[in-house]
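Observations on the three-dimensional arrangement
What follows is each chain in one-letter form.
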Amino acid sequence: MVGEALALLLMMIGTVGYFVHNPYRKDRKNIKAAKSDLKELHKVAKKSVKKNKKSRIKSRSKRSKACGKAGQKRDKGCHKGAKRAEQARKEAGKVRAEGEKTTAEE
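We now turn to the structure provided with this report. (Residues numbered from 1 in each chain as written. Predicted model: local features only at pLDDT ≥ 70, side-chain atom pairs only at ≥ 80, totals over all residues. Heavy atoms only, no water.)

1. Quick look at the overall build of the protein
Each helix and strand in the protein was counted, giving 3 helices and 0 strands. Seen in sequence order, the protein has helices and strands lined up from the N terminus as α-α-α. A buried classification covers 2% of the 106 residues belonging to the protein. Accessible surface computed for the protein: about 10,600 Å², of which carbon and sulfur atoms make up 59%. (Helix = DSSP H or I, 4+ residues; strand = E, 2+ residues; numbered from the N terminus. Buried < 20%, exposed > 50% of the residue type's maximum accessible area, 1.4 Å probe, protein only. Areas by Shrake-Rupley, 256 points an atom, 1.4 Å probe, with all protein chains shown as cover.)

2. Overview of helix α1 (residues 2–20)
Compared with an ideal rise of 1.5 Å per residue, which puts 19 residues at 27 Å, α1 spans 27 Å between its outermost C-alpha atoms and is within 8% of the ideal. Burial runs low along α1: only 0 of the 19 residues are buried. (Expected span 1.5 Å × (residues − 1).)

3. Observations regarding a positive patch on the surface
On the surface, Arg25, Lys26, Arg28, Lys29 and Lys32 cluster together into a patch of positive charge. Among the structural elements, Arg25 can be located in helix α2 (residues 25–70). A relative accessible area of 45% means that Arg25 is categorised as partly exposed. (Patch = residues over 30% accessible without salt bridge, like charges linked within 9 Å, V, L, I, M, F, W, Y side chains within 5 Å. Salt bridge = Lys/Arg side-chain N within 4 Å of Asp/Glu carboxyl O. Lys, Arg positive; Asp, Glu negative; His and termini not counted. Charge placed at Lys NZ, Arg CZ, Asp CG, Glu CD.)

4. A few points about the packing of aromatic side chains
Across all of its chains, the model carries 1 aromatic pair by this definition. Ring geometry for Tyr18 and Phe19: centres 5.1 Å apart, planes at 80°, overall edge-to-face. For the pair Tyr18 and Phe19, one class covers both residues: exposed. (Phe/Tyr/Trp six-rings, centres within 6.5 Å; stacked < 30°, edge-to-face > 60°.)

5. Some points on a nonpolar patch on the surface
A contiguous nonpolar surface patch, about 320 Å² in accessible area, is contributed by Leu6, Leu9 and Ile13. Among the secondary structure elements, Leu9 is positioned in helix α1. For Leu9, a relative accessible area of 46% puts it in the partly exposed group.

In short, geometric facts, not functional conclusions.
The following block contains the structure:
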């Protein structure tokens with residue numbers, strides 16, 4: 001009888017100790033803090049992506065308006081980088097033509 005009561009008492013103490021003592025309590029706090037930081041970063045990233053998307057759309061509309069006012073099509077090179085691209089194409093053509101001349105002479 002005494003042995004059974006002692007075993008039952010020991011079992012109850014072990015069960016309470018198992019549920020009360022949590023070695024991962026500090027880790028749980030750190031995990032919560034990390035999750036909240038990630039949520040905050042995610043919100044900021046979404047805002048910046050939206051902002052960049054809006055600015056790209058705005059700049060495209062400005063370019064298309066400028067092309068429309070000048071009466072030029074986009075193919076003819078009304079946007080800013082078109083002149084540089086056209087020059088690069090011409091230079092590449094010259095280099096290619098010079099290369100063909102040298103190979104034809106040989």
